[in-house]
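# Structural features, examined
In case you want the letters, here they are:
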Amino acid sequence: MTSSTPVSPAYAAVPAEGARIPGLSPVLAEVVRSGFVEGVHRGSLVVLAADGSVEFALGDPSAPVYPRSANKPMQAAAVLRAGLELSGERLALAAASHSGETFHLDLVRTMLTEFGLPEDDLQTPPDLPLDPVEAEAYLASGQVRDRITMNCSGKHAAMIAACAANGWPTDSYLAPEHPLQLLVLDVVQRASGENVAHVGTDGCGAPLMALSLTGLARAFRSFVTAAPGTPERAVADAMRAHPEYVAGTRRPDTWLMREVPGVLSKMGAEAVQAVALPDGRALAFKIDDGALRALGPVLARVLRMMGVEAPVLDRIAAQPLLGGARQVGEIRAAF
């Protein structure tokens, strides 16, 4: 890091001893090329039984991690608890890491207009669409990085709207001490059943609250088991009814929620995944090196261990390795 690179206070305050040592985690996925294991991805995972008890674990699911965007359902529940009226596709988009497809961007703009908010109020960093296909088409059309194109723009639109509805400052809505972010903190801790271990800054600029993987799985379980009419259940229902707004047409979260009834699924950056089944069972895992390519194979394997059988799991698990423009290997689960 050069001296010209800005360092946020949150980053600078993180003690080095707080980090886990990836080498101590078990291998969750193998990189196999031409019949030869050329690499591995290590991590930790946990599976909860329907009653919330730990049924299966690998690695150390009690160690805190940053769930990244897997925290978004809890952030969406917080804007509802703040009194914002959102439902359907709009609520799903508030919990989204959207792909930047046209229907995502159109709805973010519609939400801002409905709440009387200018696009300039968004404090998301300018970015390209998250989906590579969308990003290529976006650049080919001559467009440039934009705040609304960033995958968290739906969440930010909902946060600003909640602030405006309560008379809270909108220019500081990302500050950890802001009333909205304190409400997010309360929702996260209640849903997970544990105290947040650390508060950092996410890629979109919002406060990022560290949980154990067990706490993250417990939070997702609490959303699908919540009573109808509660903010948590409203978020879960909106995500499951409109999964294409949570992710995108070419994303595993969408495929899983669309094809396995009642499943709640959300991934996060640095290879975090959380899923809850309608019967209250749940899972969460993190790949230590942050390799997103390992998510699908590991997720499909865990779901099959939990008794989920659906054709979509083959699609989610598929992570081919190419050589000379043809498949010569794959990334596969190793447990």
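Keep in mind that what you see is a predicted model, and the values were worked out from it rather than measured.

## Comments concerning the overall build of the protein
When you go through the protein residue by residue, the secondary structure sums to 13 helices and 12 strands. Relative to the globule expectation of 20 Å for 335 residues, the C-alpha radius of gyration of the protein, 19 Å, shows essentially globular dimensions. Over its C-alpha atoms, taken along the principal directions, the protein stretches across nearly 60 × 50 × 45 Å. Across the 335 residues that make up the protein, the buried fraction comes to 52%. A separation of at least 24 residues holds for 62% of the contacts in the protein among residues at least 6 apart in sequence. In the protein, 28 positive and 36 negative side-chain charges are present, and the distance between their average locations comes to 5 Å.

## Focus: the environment of Ala325
Considering the arrangement of structural elements, one finds Ala325 in the loop between β11 (320–323) and β12 (326–333). Sequence separation between Ala325 and Ser34 is 291 residues, and the spatial gap between their C-alpha atoms is 14 Å.

## A look at the pairing of strand β8 (residues 264–268)
In the case of a regular strand, side chains alternate between the two sheet surfaces. In terms of burial, β8 is largely enclosed, as 5 of its 5 residues are buried. Here β8 shows two buried faces, one formed by Leu264, Lys266 and Gly268 and the other by Ser265 and Met267. Across 5 bridges, β8 lies against strand β9 (residues 272–276) in antiparallel orientation. Residue Leu264 lies in a different strand from β9, and its bridge partner there is Ala276. Counting the residues in the hairpin turn of β8 and β9 gives 3 residues, including Glu270, whose phi is positive at 60°.

## Comments concerning the environment of His178
Inspection of the secondary structure puts His178 in the loop between α6 (153–166) and α7 (179–192). Taking the C-alpha atoms as reference points, His178 and Glu309, separated by 131 residues in sequence, lie 44 Å from one another. His178 has contacts with Cys163, Trp168, Pro169, Ser172 and Tyr173, leaving out every residue within four places of it along the chain.

## Section: unusual backbone geometry
Positioned with a positive phi, Glu270 is a non-glycine residue whose angle comes to about 60°. Here Glu270 shows up in the loop between β8 and β9. A positive phi angle is found at Ala271, which is not glycine, with a value near 60°. Tracing the backbone shows Ala271 in the loop between β8 and β9.

## Quick word on the nonpolar core
Ranked by size, the top nonpolar core spans 67 residues in total, and within it Met74, Val79, Leu86, Leu216, Phe223, Val235 and Leu264 carry the most contacts. With near-sequence residues (within four places) excluded, Met74 lies in contact with Val187, Val188, Ala191, Leu211, Leu216, Ala219 and Phe223. The next biggest cluster of nonpolar side chains, apart from the first, holds 32 residues, and it includes Leu45, Leu256, Phe285 and Val312.

## Some words on the side chain of Lys72
If you trace the backbone, Lys72 turns up in helix α2 (residues 72–81). Ignoring anything within four residues of it in the chain, the contact list for Lys72 reads Ala95, Ala96, Ser97, Asn151, Cys152, Lys155 and Lys266.

## Observations regarding the packing of aromatic side chains
Applying the stated rule across the entire model yields 1 aromatic pair. With a centroid separation of 5.0 Å and an interplanar angle of 80°, the aromatic rings of Phe103 and Tyr245 are classed as edge-to-face. With Phe103 in helix α4 (residues 102–114) and Tyr245 in helix α10 (residues 243–246), the pair connects residues that are 142 residues apart, well separated along the chain. We classify Phe103 as partly exposed; its relative accessible area is 25%. On the basis of relative accessible area, Tyr245 is assigned to the buried category, the value being 14%. A cation over a ring is seen here: Arg315 above Trp255, with NZ or CZ 3.8 Å from the ring centre.

## Overview of the environment of Asp253
Its location among the elements puts Asp253 in helix α11 (residues 252–259). If we skip the residues at most four places from it in the chain, Asp253 touches Ala247, Ser265, Lys266, Met267 and Gln273. At 2.9 Å, the side chain of Asp253 forms a polar contact with the backbone nitrogen of Met267.

What counts as what
- Counting of residues starts from 1 at the beginning of each chain's written sequence and follows it residue by residue.
- Totals for whole chains, interfaces and linings use every residue, but because this is a predicted model, local features are given only for residues with pLDDT of at least 70 and side-chain atom pairs only at 80 or more, for both listing and counting.
- Working from all heavy atoms in the structure, the side-chain values ignore hydrogens and water.
- In this description a helix means any DSSP run of H or I spanning at least four residues, a strand means any run of E spanning at least two, and both kinds are numbered starting from the N terminus.
- A radius of gyration in this sense is built from C-alpha atoms; the matching globule rule multiplies 2.2 Å by the number of residues raised to 0.38.
- When a residue's accessible area, from a 1.4 Å probe over protein chains only, is under 20% of the maximum for its type it is buried; when over 50% it is exposed; and in between it is partly exposed.
- We call two residues contacting when some pair of their heavy atoms lies within 4.5 Å.
- Asp and Glu are treated as the negative residues and Lys and Arg as the positive ones, with His and the ends of the chain left uncounted.
- Charge positions come from single atoms, namely NZ of Lys, CZ of Arg, CG of Asp or CD of Glu.
- Strand pairing requires that DSSP identify at least two bridges connecting the strands.
- By nonpolar core we mean a set of buried residues, namely Ala, Val, Leu, Ile, Met, Phe, Trp, Tyr and Cys, connected to one another through side-chain atoms within 4.5 Å.
- Pairing of aromatic side chains here covers Phe, Tyr and the six-membered ring of Trp, requires ring centres within 6.5 Å, and sorts the geometry by plane angle: under 30 degrees stacked, over 60 edge-to-face, intermediate tilted.
- The rule is short: NZ of Lys or CZ of Arg within 6 Å of the ring centre and within 35 degrees of the ring normal puts a charge over the ring.
- Here a polar contact means two N or O atoms within 3.5 Å. Within protein one must be a hydrogen donor candidate and the other an acceptor candidate, and residues neighboring in sequence count only if both atoms are side-chain atoms.

Keep in mind these numbers describe shape, not what the thing actually does.
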